[in-house]
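Commentary on secondary and tertiary structure
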Amino acid sequence: MARMISYCMRIIEIPMLYLQKRLGISRLAWVFLLPNLLLFGLFAFLPVVLNFVYAMTGSDQILLQDRTFVGMGNYQTLTSCEDFLNPNSCKDDLFWRAVYNTFWFVLLQVGFMVGFALLTALMLNSKIRARGFFRSVFFFPVLLSPVVVALIWKWILQREGLANAALEGMGFDTINWLLDRHWAFFWSVFISVWAHMGFYTLILLAGLQAIPRDVYEAASMDAASPFRTFRRITLPLLMPTMIVVLVLSLIKSVQTFDEVYAFTGGGPGSATTLLIQYVYETGFAGTPRLFGLASAASILLAVVLVILTCLQLWASRRNVNG
Amino acid sequence: MGKAIAFLTRTRGRGDGSQRLHWTDWFTYGYLFLGIVLMFGPVVWLVMSSFKTDAELNNFPPRFLPYAQESVVLDGHKKPLPLFTVTEGELAGTQVAQVRRVGIVSQMVKLDAPDEIIKIKVKEREPVEKLALAWENYTDLFKRFNFLQFLWNSTFITIISTLIMLLVNSMAAFALSKYEFRGRTTVLALIIGTLMIPQTVVLVPLFLVVREMGMINSLWGVIIPGAATPTGVFLLRQYMLTIPDEILDAARMDKASEWKIYWRIILPLSAPAIAVLAILAIMWRWNDFLWPLIVLSRTENFTLQLALNSFQGEMQTQWSSLLAMTVLTLLPIAVVFAFLQKYIATGIASTGGK
Amino acid sequence: MMKLKKNVVGQLVLLASLGTAASFAQAQELRFMCSTDGNECEVIDELVTRFEQENEGVDITVDIVPYKSIQENLPVQLAAGSGPDIAKVTDLGGLSQYYLDITPYVEADYWEQSFGDILNWYRKSADDKGIYGLHSQLTITGGYINRTLFDQAEIEPPAADASWEEWAEAVAKVADATETPYLMAMDRSGHRIAGPAISDGAKLFADDGTPALVDEGFTRFVTKFVEWNNNGTMLRDVWAGTGGDTYQDAAQEFISGSLVYYYSGSWQVGKFDSEIGDAFDWQVVGTPCGEVACTGMPGGAGIVGFSSTEQPEIVGKLLDYLAREDNYAELTARTRNIPAHAAVAAKGVDYEGASAPAAAALNAWGKQVEKVSPVAYAYQGYKHNRAMFGITMTRVSQAIVGELSIEEAMERATADLEQTMAEVESK
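What counts and what doesn't
Residues numbered from 1 in each chain as written. Chains lettered and ligands numbered in written order. Predicted model: local features only at pLDDT ≥ 70, side-chain atom pairs only at ≥ 80, totals over all residues. Heavy atoms only, no water. Helix = DSSP H or I, 4+ residues; strand = E, 2+ residues; numbered from the N terminus. Buried < 20%, exposed > 50% of the residue type's maximum accessible area, 1.4 Å probe, protein only. Contact = heavy atoms within 4.5 Å. Areas by Shrake-Rupley, 256 points an atom, 1.4 Å probe, with all protein chains shown as cover. Lys, Arg positive; Asp, Glu negative; His and termini not counted. Charge placed at Lys NZ, Arg CZ, Asp CG, Glu CD. Expected span 1.5 Å × (residues − 1). Core = buried A, V, L, I, M, F, W, Y, C linked by side-chain atoms within 4.5 Å. Disulfide = S-S within 2.5 Å. Salt bridge = Lys/Arg side-chain N within 4 Å of Asp/Glu carboxyl O. Buried area = accessible area lost by both parts, 1.4 Å probe. Polar contact = N/O pair within 3.5 Å; in protein donor to acceptor, adjacent residues only side chain to side chain. Nonpolar A, V, L, I, M, F, W, Y, C, P; charged D, E, K, R; others polar. Patch = residues over 30% accessible without salt bridge, like charges linked within 9 Å, V, L, I, M, F, W, Y side chains within 5 Å. Axes fitted to C-alpha atoms, helices over the stretch in contact; angles between N-to-C directions. Parallel < 35°, antiparallel > 145°, perpendicular 65-115°, else oblique. Left-handed = near helix turned anticlockwise from the far one by under 90°. pLDDT = per-residue confidence, 0-100. Pairing = 2+ DSSP bridges. 1 Å grid on protein atoms, 1.4 Å probe; cavity = no way out; pocket = protein on both sides within 12 Å on 5 of 7 lines; lining within 4 Å. Points joined across faces, edges and corners; volume = space filled by probe spheres on them.

Let us now look at the overall build of chain A. The secondary structure content of chain A amounts to 13 helices and 2 strands. Looking at the 322 residues of chain A, the share that counts as buried comes to 57%. Within chain A, contacts between residues at least 6 apart in sequence are counted, and of these 61% link residues at least 24 apart. As displayed, chain A has an accessible area near 13800 Å², and 68% of this comes from carbon and sulfur atoms. One way to put it: in chain A the 23 positive side-chain charges average out to a point 16 Å from where the 17 negative ones average out.

See the structure below:
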């Protein structure tokens, strides 16, 4: 395998070397970028551009040429609210319910997930036996497909499931986990943390292990308190990794869909309906398919995400520099 | 608190020499074992459930091990009869076989007198059960499906798509992290910007693009768009930024070509990040459902995830088959992980040591 | 080892080239997209194979796909011109613009006599006289009871003309006497709740034929239904436990014996038969009576050809073959369905191999067909009924969990329908 790859690479080197001589190093960068830009442009960027066009059209037809142009109409439908804090006063109340659900979901999910991932990474980085084993234990749920994650937990939390059997066994009343809006929300956050925590733990662990050991040795010679060591050495040195983790987890969290959708279906009522579910149901799963409205909602979502990410990057940069 | 932090921040190299376990060690192990229960428990429960019959799945409270009712073959009865224990009345404690049940009364026979019908109320009997794995949940799948074909399709899509993605993304990440050129910020902004829009919301435009390319009902329609995710570029670039430029300059002094720098220096040095991305890519493609569902509608190019979902009809779900199929789709990825896991551990250790 | 690896690469290349070559080789092949609740696709596949044997050179592949494929992707594929030749569909009216008119290839009189008004469900408009689909699976919604629990409680089930209130009362007594945890449940579906609502006077259409979901009768039943969900008469989990357009049933609860009354439909018979076994006796009771009727909703799935096919004649012939009396009877019997074919229904179906309770249940469902009200037929045949089902589901659920009051929910439902109609008519 390795020999084959090495052989291929050597073949590619011939045209690359020629291009390097012809174009010079700085323009060679575009050659490296080209395959990615092609794929990316066609299958990621072009659909997004089309999405902008869809957002300005109405009707339930799928092909663009059959659709009617409505300009900003879809955005107006989404944003016409008497009182933005009360979804009931909005024209599209489901959209605003989804907005608020997503806000709380992201806040809780990112907070708990990054917190637990950091704690777990620190534990796994300490002097323990069978580290490889424990590391894979925490990473394991990441491998499960969202549908499977939802299925497993639904299976456990259903009225006649394991969780209630355990409660009954201990002499408590059974709880209808997914029927109570607060419990349903809690478990949605829980399974999402459960499923994705391992990935961020792994990244943070890689970051922790990249911190040179002699820094700690110096600290222990100075008899710095462990808390101080953590705050003054570990955390700042971990910051670049933390930024990646925070940015990625925030983006992924706002985009949470599959596992919660398969888990609660967005219920009870619309208590766990997140934004992507709104988009999916409006534009794809429901009848009739209101692509225009769905596209407009997804663009609003993307705009918010861009702002959030920029804020985050700006804040963390300030943090690192200051 | 201070001590907790002490053990939290302690690295492997910094032992204090004492062999006695400190309470903080107990805490660590406690946390980690709780982790095992929480992370593996549900999956174990799923696996156990996949060996249960439909009747047993409907039972409450659920039991950990799969049981099935015992039955006996008696003279004068063609079919095997289910066994019960009588719980009340003069026959309490004896085992009887049920011939039929009418309303709330069972017609039973004693094992030693298979012709003589006795009537017993339904509430006064209990099934005799034994441990039994419902292998038929699995064997039925193989009978019903061309399982190997689906496995091959899933594997083909996963491997090819992952390889393309790793190559293309690492090249782009290399260009974006190690070269200064006009337009770099723009490209980066575009890539990160697209990261903000998940595939779920552009399903329809993406479908139209893929149709124009003539890739509907072809495995390539899943492979190629799958390789175009922006996450990989972002992850790899962040990692490559930490590789010092001096190494590159030294290589250029030795007249190494840029391509050689890419695959001889940058790629090996980014091994941990590439391993992580490889695992993610494998997992994404293997578990992908919505997109293959749209592109592939012919049985011969179905993936395992699609086959898994054909158990969900409009009105009904066949839980036993669904659970068994879920376990089957889990197996290969668990094996892959078992191998790559070691590689990550060493990969991280080797870079971490420097 | 090296050899083996080369082999793998060789295979990959081969497969890649095959992938492109295969698309040419398959030009004569017809694709039949089928999704299934039970064994329909398998039986259909067998019949199709027989058809292939009788007609040389015909090659039809039945693809068994997830229901999601039919529901969500087929419309997109058809719009984009890349759909299959034949499919078994459930959104009968919504896809009608893509259907192939098979009138030239079949005996129209035979179809009219056999299927009558059901053919309208597939038509584009009232003045459309084409023949488009074979209704392979006729379903009727209605209730099941756990008869054993009634016997144990020594309570006689209410008569066929009993109202919902009488049923609720009787079921409560039974549950009380037998310590059964759940009283009644209804599938979470806009289609299921429509029957009782129509029985309570919902008209669903204005006098000019335009859809009008909310009226006095509809609100009356929804109000009752919401109240029952919140006072424990209805198993709240089903409607409140999930959100959006998600379908949810209560079959598990009924099968495990913890539910006395279950409002679902005829398609459950096969599942109940195999999974309940002789754990208890169950019985079909139809739909309780409301103010004006005692009607369930008809429904089901049908096999249609698409006008994009290159071989319309074969598609037409296949549908005609499946519609033949003997074949249709076999299909109905083996898939445990109610016949939509008049002659087959008149002769009665011999459900070969079905247990006594299953056969009794299927025949009981067959008798329910005549009680179906014209409004229910019209609703089932309406092109955009799926949109109305979806709106009902979302808004009634919100009323149950208390996110909206009943008045607000009904207002929202009216507004939703207006918006939907505006969108679909804006082309």
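Moving on: helix 5 (residues 147-178) of chain B. Given a rise of 1.5 Å per residue, 32 residues ought to cover 46 Å, and the 46 Å separating the end C-alpha atoms of helix 5 of chain B matches this to within 8%. Within helix 5 of chain B, 23 of the 32 residues are buried, leaving the element largely enclosed by the surrounding structure.

The next thing to look at is the nonpolar core. The biggest cluster of nonpolar side chains holds 346 residues, and the ones touching the most others in it are A:Phe32, A:Phe199, C:Phe32 and C:Trp111. In terms of residues, this core owes the most to one element, helix 8 (residues 181-209) of chain A, which gives 16 residues. In this structure, C:Phe32 is in contact with C:Ile44, C:Val48, C:Ile60, C:Thr61, C:Val62, C:Asp63, C:Ile86, C:Ala87, C:Lys88, C:Ile303 and C:Leu318, ignoring residues within four places of it in sequence.

A word on the state of the cysteines. All names here are of chain A. Enumeration according to the criterion identifies 3 disulfides over all chains in this entry. Note that Cys-81 is cross-linked by a disulfide to Cys-90, the S-S spacing being 1.7 Å. Linking Cys-81 and Cys-90, the disulfide has an S-S dihedral of approximately 105° and is accordingly described as right-handed. The class for Cys-81 is buried, based on a relative accessible area of 17%.

Moving on, we get to the pattern of salt bridges. The full count for this structure, using the stated rule, is 30 salt bridges over all chains. Put simply, C:Arg395 and A:Asp93 hold a salt bridge, and the shortest N to O gap is 3.1 Å. Taken as a pair, C:Arg395 in helix 17 (residues 385-401) and A:Asp93 in helix 4 (residues 93-125) lie in two separate chains rather than in one. Assigned by exposure class, C:Arg395 and A:Asp93 land together as buried. Across the pair C:Glu46 and C:Arg334 runs a salt bridge, and its minimum N-O distance is 3.0 Å. Of this pair, C:Glu46 sits in helix 2 (residues 40-54) while C:Arg334 sits in helix 13 (residues 325-335), placing them 288 residues apart in sequence. Since its relative accessible area comes to 40%, C:Glu46 is described here as partly exposed. We classify C:Arg334 as partly exposed; its relative accessible area is 31%. Salt bridges here are not isolated pairs; linked through shared partners, they connect A:Asp93, A:Arg97, A:Arg181, C:Arg395, C:Glu403, C:Arg412 and C:Asp416.

With 110 residues of chain B in contact, the opposing surface of chain A contributes 105 residues. In total, about 10000 Å² of surface goes out of reach between chain B and chain A, with carbon and sulfur atoms giving 80% of it. Our count for the contact surface shared by chain B and chain A stands at 0 salt bridges. At the junction of chain B and chain A, the tally comes to 5 residue pairs in polar contact (both at pLDDT 80 or more). In terms of residue count, the dominant contributor to the side of chain B that touches chain A is helix 2 (residues 23-49) of chain B (16 residues). Residue classes in the side of chain B that touches chain A are distributed as 79 nonpolar, 21 polar and 10 charged.

A separate point is a nonpolar patch on the surface. Residues A:Phe103, A:Trp104, A:Leu107, A:Leu108, A:Phe112 and A:Phe116 make up a contiguous nonpolar surface patch of roughly 620 Å² in combined accessible area. Along the polypeptide, A:Trp104 turns up in helix 4.

Residues and elements named next belong to chain C. Two elements in contact, helix 4 (residues 108-115) and helix 12 (residues 312-323), have axes separated by 12 Å at closest approach and are oriented at 45°. On the basis of the axis angle, helix 4 is oblique to helix 12. With respect to the hand of their crossing, helix 4 and helix 12 are arranged in left-handed fashion. Judged by residue contacts, Tyr-110, Trp-111 and Phe-115 of helix 4 engage Leu-319, Asp-320 and Ala-323 from helix 12. Residues that form the contact of helix 4 with helix 12 fall into these classes: 5 nonpolar, no polar and 1 charged.

Residues and elements named next belong to chain B. For chain B, per-residue confidence averages 79 on the pLDDT scale, and residues scoring 70 or more make up 85% of the total. For residues 11-18, every residue scores under 50 in pLDDT, and the model assigns this stretch 11 contacts once sequence neighbours within four places are set aside. A low-confidence stretch, residues 347-354 stays under pLDDT 50, and its non-local contacts, those more than four residues away or across chains, total 11 contacts. Across the predicted assembly, pTM comes out at 0.84 and ipTM at 0.80.

Moving on, we get to the pairing of strand 1 (residues 29-34) of chain C. As a general feature of sheets, a regular strand has side chains that alternate between the two faces. All names here are of chain C. Counting buried positions along strand 1 gives 6 out of 6 residues, so the element sits mostly inside the fold. Neither face of strand 1 is open: one carries Glu-29, Arg-31 and Met-33, the other Leu-30, Phe-32 and Cys-34, and all of them are buried. Of the pairings in the sheet, the one linking strand 1 to strand 2 (residues 59-64) comprises 6 bridges and is parallel in character. Opposite Arg-31, over in strand 2, you have Thr-61 as the bridge partner. As paired elements, strand 1 and strand 3 (residues 86-89) share 2 bridges and run parallel to each other. Note on strand 3: the bridge partner recorded for Phe-32 is Ile-86.

Within the structure shown, the criterion is met by 5 cavities of 30 Å³ or more. Roughly 120 Å³ of volume is contained in the second largest cavity. Taken together, 15 residues form the lining of the second largest cavity, with A:Gly283, A:Phe291, A:Ala294, B:Val201 and B:Val204 sitting closest to its centre. Elements with a minimum of two residues in the lining of the second largest cavity: helix 2 (25-54), helix 12 (275-285) and helix 13 (291-321) of chain A together with helix 7 (203-212) of chain B. Here the lining of the second largest cavity gets 4 residues from one element, more than from any other, and that element is helix 12 of chain A.

What follows is about the packing of helix 4 of chain A against helix 17 of chain C. In contact at an axis separation of 13 Å, helix 4 of chain A and helix 17 of chain C are set at 60° when each is read in the N-to-C sense. Taken together, the axis directions place helix 4 of chain A and helix 17 of chain C in an arrangement best described as oblique. The interaxial crossing formed by helix 4 of chain A with helix 17 of chain C has left-handed handedness. Along its contact with helix 4 of chain A, which presents A:Asp93, A:Leu94 and A:Arg97, the element helix 17 of chain C presents C:Thr394, C:Arg395 and C:Gln398. Of the residues in the contact of helix 4 of chain A with helix 17 of chain C, the class split is 1 nonpolar, 2 polar and 3 charged.

A separate point is helix 11 (residues 258-269) of chain B. Between its first and last C-alpha atoms helix 11 of chain B spans 15 Å; for 12 residues at 1.5 Å apiece the expected length is 16 Å, and the two agree. Within the sequence span of helix 11 of chain B, burial applies to B:Glu258, B:Trp259, B:Ile261, B:Tyr262, B:Trp263, B:Ile265, B:Ile266 and B:Leu267.

Here the focus is the environment of A:Met113. Residue and element names in this part refer to chain A. As for its placement among the helices and strands, Met-113 is situated in helix 4. In the structure, Met-113 is positioned 28 residues away from Pro-141 in sequence and 14 Å away in space, judged by C-alpha atoms. Excluding anything up to four places from it in sequence, Met-113 contacts Ser-192, Val-193, His-196, Met-197, Tyr-200 and Ser-249.

The next point concerns the confidence of the model for chain A. Fine structural detail should not be taken from predicted coordinates in areas where pLDDT scores are low. Taken as a whole, chain A shows an average pLDDT of 84; of its residues, 97% reach a score of 70 or greater. The element-level mean pLDDT for chain A is lowest in helix 9 (residues 213-221) of chain A, coming to 76, with helix 4 of chain A highest at 92.

Of note, B:Lys255 is a non-glycine position whose phi angle comes to about 65°, a positive value. Relative to the helices and strands, B:Lys255 is located in the loop between helix 10 (245-253) and helix 11. For B:Lys255, a relative accessible area of 76% translates into the label exposed. Its identity is not glycine, yet C:Glu154 carries a phi of approximately 55°, on the positive side. With respect to the element layout, C:Glu154 can be found in the loop between helix 5 (147-153) and helix 6 (164-178). Judged by relative accessible area, C:Glu154 falls into the exposed class, the value being 73%.

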